[in-house]
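Below are the chains, spelled out letter by letter.
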Amino acid sequence: MLEVEDLSAGYGQTTVLRGISFTVAPGEVACVMGRNGAGKTTLLRALMGVLPKTGVVRLSGTDISQRPGHRINAAGMVWVPQEASVFPGLTVRDHLVIALQRRREEEDGIAEAGELFPALGERLGQEAQTLSGGERKMLALAQALIVKPKVVLMDEPTEGVAPVVVEQLIPAIGAAATESAVVLVEQNIDTALALGGNAYILEQGSIVVSGTVRDLYDRGILEQRLAL
């Protein structure tokens, strides 16, 4: 479980997040939503140890609040950023092997990536930089999921990709949530409805509304707060 209590964070002297508190259990997808500039990506960066913060972050009961990013990753939290960057000259297989870091048998992890996304399984020997944008999103998600993390942080995984790719990403995220706790920053209402349990709407760095995605949608709150 991920537990966040009274988290505040920002950049330099500028405070972006104020008093954020929520919990996510294994098997749950928590959707973080809000207009541009509300602090959604800043929240993921703070949780991952990229930004200094105050407050408490616990992973499976252990306080990881002041750990650096690499130690948070080693404890079982992974981050899938919005921009799916790749290393020039390295193949799809190379990227998967790097992600595994010998935590599991390489061939098992690579085979699992191919099951999640058959398009990747067919391109293991292809240089990752030649993949389409949607395929890079698949690769970034596969890299995160095959290490069997406790918590997955995802920053708008379906943004800017074709509907046919979204149709493949959603089941993979859902599969991840059967074992991991997932914090999903997502602006696509259909994706949130397909995946989300609870939603947390940020405005000016604070949670102003929370509840189940379905309830907030049915009551018109998502449309009102996100101005869709």
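Residues numbered from 1 in each chain as written. Predicted model: local features only at pLDDT ≥ 70, side-chain atom pairs only at ≥ 80, totals over all residues. Heavy atoms only, no water.

Visitor: Looking at this model, I keep getting lost on the overall build of the protein. Mind explaining?
Guide: Check the secondary structure of the protein and you find ten helices and ten strands. Counting only C-alpha atoms and orienting by the principal axes, one finds that the protein spans roughly 45 × 35 × 30 Å. Burial analysis of the protein (228 residues in total) assigns 49% to the buried set. Across the protein, contacts joining residues at least 24 apart in sequence account for 68% of those joining residues at least 6 apart. (Helix = DSSP H or I, 4+ residues; strand = E, 2+ residues; numbered from the N terminus. Buried < 20%, exposed > 50% of the residue type's maximum accessible area, 1.4 Å probe, protein only. Contact = heavy atoms within 4.5 Å.)

Visitor: What is the right way to read the sheet that holds strand β3 (residues 29-33) from this model?
Guide: Hydrogen bonds along the backbone pair up the strands of a sheet, which may run parallel or antiparallel. The strand order across the open sheet built from six strands is β6-β7-β8-β3-β9-β10, with neighbouring strands paired in mixed fashion. With one partner strand each, in any of the chains shown, β6 (77-80) and β10 (206-212) form the two edges of the open sheet. Averaged over all adjacent pairs, the angle separating strand axes in this sheet is 15 degrees, with direction ignored. As defined by bridge partners, β6 adjoins strand β7 (residues 151-155) across four bridges and the pair is classed as parallel. (Pairing = 2+ DSSP bridges. Axes fitted to C-alpha atoms, helices over the stretch in contact; angles between N-to-C directions.)

Visitor: It is not clear to me how the side chain of K53 should be interpreted in this structure. Could you clarify?
Guide: Take K53: it is sitting in strand β4 (residues 53-59). Buried within the structure, K53 lacks any salt-bridge partner; D63 is the closest side chain of opposite charge, at an N-O distance of 8.1 Å. In terms of polar contacts, K53 uses its side chain to reach the backbone carbonyl oxygen of A46, at 2.8 Å. The residues touching K53, leaving out its near neighbours within four places in the chain, are L7, S8, A9, A46, S65 and Q66. (Lys, Arg positive; Asp, Glu negative; His and termini not counted. Salt bridge = Lys/Arg side-chain N within 4 Å of Asp/Glu carboxyl O. Polar contact = N/O pair within 3.5 Å; in protein donor to acceptor, adjacent residues only side chain to side chain.)

Visitor: Can you help me understand the layout of surface pockets in this one?
Guide: Empty pockets left among the atoms are what a rolling probe the size of a water molecule brings to light. Counted as a void, the largest pocket has a volume near 520 Å³. Looking at the largest pocket, it is lined by 22 residues, and the ones nearest its centre are N73, W79, A99, Q143 and A144. By residue class, the composition of the lining of the largest pocket is 13 nonpolar, seven polar and two charged. (1 Å grid on protein atoms, 1.4 Å probe; cavity = no way out; pocket = protein on both sides within 12 Å on 5 of 7 lines; lining within 4 Å. Points joined across faces, edges and corners; volume = space filled by probe spheres on them. Nonpolar A, V, L, I, M, F, W, Y, C, P; charged D, E, K, R; others polar.)

Visitor: Explain unusual backbone geometry to me, please; I cannot follow it from the model alone.
Guide: Of all residues except glycine, most have a negative phi; of all peptide bonds, most are trans. One non-glycine residue, K148, lies in positive phi territory at about 55 degrees. Its relative accessible area of 39% is what places K148 among the partly exposed residues. A positive phi angle, close to 45 degrees, is found at E156, a residue other than glycine. We classify E156 as buried; its relative accessible area is 11%.

Visitor: Even after reading the chapter, I still don't get the packing of helix α6 (residues 133-145) against helix α7 (residues 163-176), so can you show me in this structure?
Guide: For any two helices packed against each other, the geometry comes down to the angle between their axes and how far apart the axes lie. The interhelical angle for the contact between α6 and α7, taken along N-to-C directions, is 10 degrees, at an axis separation of 10 Å. Accordingly, the angle class assigned to the pair α6 and α7 is roughly parallel. On α7, the residues touching G134, K137, M138, L141 and L145 of α6 are V165, Q168, L169, A172, I173 and A176. (Parallel < 35°, antiparallel > 145°, perpendicular 65-115°, else oblique.)

Visitor: Sorry if this is basic, but what is going on with α6 here?
Guide: An α-helical segment advances 3.6 residues per turn. Residues three or four places apart therefore align on the same side. Along its 13 residues, α6 runs 19 Å from first to last C-alpha, staying within 8% of the 18 Å computed at 1.5 Å per residue. Burial of α6 is extensive: eleven of the 13 residues sit out of reach of the surface. Listed as buried for α6 are G134, E135, K137, M138, L139, A140, L141, A142, Q143, A144 and L145. For α6, the elements touching its buried residues are β6, α3 (92-100), α4 (106-116), α5 (118-121), β7 and α7. (Expected span 1.5 Å × (residues − 1).)

Visitor: What exactly am I supposed to notice about the pattern of salt bridges here?
Guide: Side chains that differ in sign of charge can pair as their charged atoms come close. Tallying each qualifying case throughout the model produces eight salt bridges. One salt bridge in this structure joins K148 and E112, with 2.9 Å as the shortest N-O distance. Highlighted residues: K148 in the loop between α6 and β7 and E112 in helix α4, separated in sequence by 36 residues. By relative accessible area, which is 17% here, E112 ends up buried. Among the salt bridges present, the one from E135 reaches R123, with a minimum N-O distance of 3.3 Å. One end of the pair, E135, is in helix α6; the other, R123, is in the loop between α5 and α6, and twelve residues separate them in sequence. Residue E135 is classed as buried on the basis of its relative accessible area, which comes to 14%. A relative accessible area of 24% means that R123 is categorised as partly exposed.

Visitor: What exactly am I supposed to notice about the sheet that holds strand β2 (residues 14-24) here?
Guide: Pairing is antiparallel across the open sheet formed by four strands, whose spatial order is β2-β1-β4-β5. The outermost strands of the open sheet, each flanked by one partner alone, are β2 and β5 (62-63). Direction of pairing for β4 relative to β5: antiparallel, over a ladder of two bridges. In the strand pairing of β5, R58 is matched with D63. Each of β1 (2-11), β2 and β4 touches helix α1 (residues 40-47); the most contacted strand, β1, lies at about 110 degrees to it.

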